[in-house]
Amino acid sequence: MEENRINEIKLEFEAVSENEALARVVAAAFIAGLNVTVDELEDVKTAVSEAVTNAIIHGYKECGGTVVMNAVLKKESADTYLLTVEICDTGVGIEDVEKAMQPMFTTGLEHERSGMGFSFMEAFMDKVRVVSSPNMGTVVHMEKRLKVYDERQ
Amino acid sequence: MESKAREYAIIDNYLCIKMPTEVDHHKAAGIRECADRMILDDKVKNIVFDFEDTTFMDSSGLGIIIGRYRKISCFGGKVYAVNTNERITRLLTTSGMTSIIEVVS
Ligand SMILES: Nc1ncnc2c1ncn2[C@@H]1O[C@H](COP(=O)(O)OP(=O)(O)OP(=O)(O)O)[C@@H](O)[C@H]1O
Ligand SMILES: [Mg+2]
């Protein structure tokens, strides 16, 4: 990709659990052309899986709906790219985002959730921002800087 | 649950669960259901989660472990993880799960 060029995808899918794997595979494929490490690839897959799973089970209460994944890849310099991934739902939303993002906080105890989803997103991505309002939905915005080997070498 | 015999084995009072390639929310319900049936029917005391085939796991895996731990710990049972790759070992340790599950190498 040329300097300052941008690549962008949008994936829209039904909020069913089968699509958790689909979303993370698409995200991985989106950056597969870069020479990223296996660990970085797994980081992105895990973060996407967390956000998509949250949309399905919390946002839409496992009753279905539409989840949108937007991913943007921007070349920043000869060997760095900025990956931005957004997972959007129009489900129930989050009343207190700060509280929801605390490690071990969960409203899904009876569904055996551990409350570690946001912690994993924050651990595996460089930046995680959540915009949400009750009954409107949730957008999880994540960024990760990917350092790659120069493709031309 | 197609190959239940291969995925779930009872050796003494240990239930060994062969975890799938990808452990996520989609796979969690099936694992939970099978494991709990065997815990009830076969009076299992301890559980061994075998991650030999597992290349991906998210927080749904932690939920499976915590749930099974709750079921057997009140009877003095223990939970183990075997054949974890480097990433899954790291996931279990950094999330504090090692206070309830012993990672055997
Ligand atoms: N898309 C969403 N819509 C509504 N609520 C959400 C959404 N995402 C997260 N939440 C809320 O934030 C809480 C914390 O989310 P987090 O992913 O950290 O933990 P969890 O999903 O409860 O458990 P785990 O991810 O470990 O299985 C959830 O329990 C839920 O109440
Ligand atoms: Mg979650």
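Structural data are supplied above this passage.
The structure displayed is predicted, hence computed values, not measured ones. (Residues numbered from 1 in each chain as written. Chains lettered and ligands numbered in written order. Predicted model: local features only at pLDDT ≥ 70, side-chain atom pairs only at ≥ 80, totals over all residues. Heavy atoms only, no water.)

Chemist: Would you mind going over the packing of aromatic side chains with me for this structure?
Modeler: For any pair of aromatic rings, geometry is given as the distance between the ring centres together with the angle between the planes. Residues and elements named next belong to chain A. Under the counting rule described, the total for this entry stands at two aromatic pairs over all chains. With centroids separated by 5.7 Å and ring planes inclined at 50°, the aromatic side chains of F120 and F124 adopt a geometry described as tilted. Here the residue F120 and the residue F124 both occupy positions in helix α4 (residues 117-124), the gap between them amounting to four residues, near one helical turn. Here F120 and F124 have matching classes, each one buried. (Phe/Tyr/Trp six-rings, centres within 6.5 Å; stacked < 30°, edge-to-face > 60°. Helix = DSSP H or I, 4+ residues; strand = E, 2+ residues; numbered from the N terminus. Buried < 20%, exposed > 50% of the residue type's maximum accessible area, 1.4 Å probe, protein only.)

Chemist: Looking at this structure, I do not really get the pattern of salt bridges. What am I missing?
Modeler: Between side chains of opposite charge, a pair can form when the charged atoms approach closely. Applying the stated criterion across every chain yields a total of 16 salt bridges over all chains. In this structure, the salt-bridge partner of B:E52 is B:K18, at a minimum N-O distance of 2.8 Å. Of the two residues, B:E52 sits in the loop between β4 (46-50) and β5 (56-57) while B:K18 sits in strand β2 (residues 14-18), which places them 34 residues apart along the sequence. Here B:E33 ties to B:R37 by a salt bridge, and the two come within 3.9 Å at their closest N and O atoms. With B:E33 and B:R37 both in helix α2 (residues 25-41) and four residues apart, this pair spans about one turn of that helix. Accessibility expressed as a relative area gives 46% for B:E33, which makes it partly exposed. A cluster of three or more residues bridged by salt bridges with shared partners is formed by A:D39, A:D43, A:K144, B:R87 and B:R90. (Salt bridge = Lys/Arg side-chain N within 4 Å of Asp/Glu carboxyl O.)

Chemist: Where do I start with the sheet that holds β2(B) in this structure?
Modeler: The strands making up a sheet associate through hydrogen bonds between their backbones, and the pairing can be parallel or antiparallel. All names here are of chain B. One open sheet holds the five strands; their spatial order is β1-β2-β4-β6-β7, and the pairing between them is mixed. Here the strands that pair on one side only, and so sit at the sheet edges, are β1 (8-11) and β7 (101-104). Pairs of neighbouring strands in the sheet enclose a mean axial angle of 25°, with direction left out of account. Note that β2 and β4 share five bridges and pair parallel. Within β4, the residue paired with Y14 across the bridge is N46. (Pairing = 2+ DSSP bridges. Axes fitted to C-alpha atoms, helices over the stretch in contact; angles between N-to-C directions.)

Chemist: Would you take a moment to explain the site of ligand 1 for this structure?
Modeler: For ligand 1, the set of nearby residues contains 21 residues, the closest of which are A:H58, A:T106, A:T107, A:R113 and A:S114. At the site occupied by ligand 1, the surrounding residues belong to chains A and B. Mapped onto the shell around ligand 1, the elements with two or more residues apiece are α2 (38-59) and α4 of chain A. In terms of residue count, the dominant contributor to the shell around ligand 1 is α2(A) (five residues). (Near = heavy atom within 4 Å.)

Chemist: For this particular structure, what's the right way to read the nonpolar core?
Modeler: Across soluble globular proteins, nonpolar side chains have a tendency to be buried as a group. Ranked by size, the top nonpolar core spans 39 residues in total, and within it A:I31, A:V48, A:I87 and A:M142 carry the most contacts. Broken down by element, this core gets its largest block of residues, eight residues, from α2(A). The residues touching A:V48, leaving out its near neighbours within four places in the chain, are A:A23, A:R24, A:A27, A:M69, A:V85, A:I87 and A:M142. Ranked by size, the runner-up nonpolar core spans 31 residues in total, among them B:L15, B:V44, B:I72 and B:L91. (Core = buried A, V, L, I, M, F, W, Y, C linked by side-chain atoms within 4.5 Å. Contact = heavy atoms within 4.5 Å.)

Chemist: I tried to follow helix α3 (residues 59-73) of chain B on my own but got confused; where do I start?
Modeler: One turn of an α-helix holds 3.6 residues; hence residues three or four places apart share an orientation. Residues and elements named next belong to chain B. Under the 1.5 Å per step criterion, the end-to-end length of α3 is 21 Å for 15 residues, consistent within 8% with the ideal 21 Å. Among the 15 residues in α3, 11 count as buried, and that is most of the element. Every buried residue of α3 is listed here: S59, S60, G61, L62, G63, I64, I65, I66, G67, R68 and I72. (Expected span 1.5 Å × (residues − 1).)

Chemist: How should the sheet that holds strand β5 (residues 137-147) of chain A be read in this particular structure?
Modeler: Residues and elements named next belong to chain A. Pairing is antiparallel across the open sheet formed by five strands, whose spatial order is β1-β2-β3-β5-β4. With one partner strand each, in any of the chains shown, β1 (6-14) and β4 (127-133) form the two edges of the open sheet. Shown here is a sheet whose adjacent strand axes are inclined to one another by a mean of 15°, direction ignored. Alignment of β4 against β5, held across seven bridges, turns out to be antiparallel. Along β5, the bridge assignment pairs S132 with T138. Seen against the sheet, helix α1 (residues 18-31) touches β1, β2 (66-77), β3 (80-89) and β5 and runs at an angle of roughly 170° to β1. Contacts between α2 and the sheet are confined to β1, β2, β3 and β5, with β5 contributing the most and set at about 180° to the helix.

Chemist: Explain unusual backbone geometry here, please?
Modeler: Residues and elements named next belong to chain A. Positive phi values are uncommon outside glycine, yet E62 reaches one of about 60°. Relative to the helices and strands, E62 resides in the loop between α2 and β2. Here E62 falls in the partly exposed class, since its relative accessible area comes to 46%. In this model, E112 sits at a positive phi of 60°, which is unusual for a non-glycine residue. Residue placement: E112 occurs in the loop between α3 (97-100) and α4. With a relative accessible area of 14%, E112 lands in the buried category.

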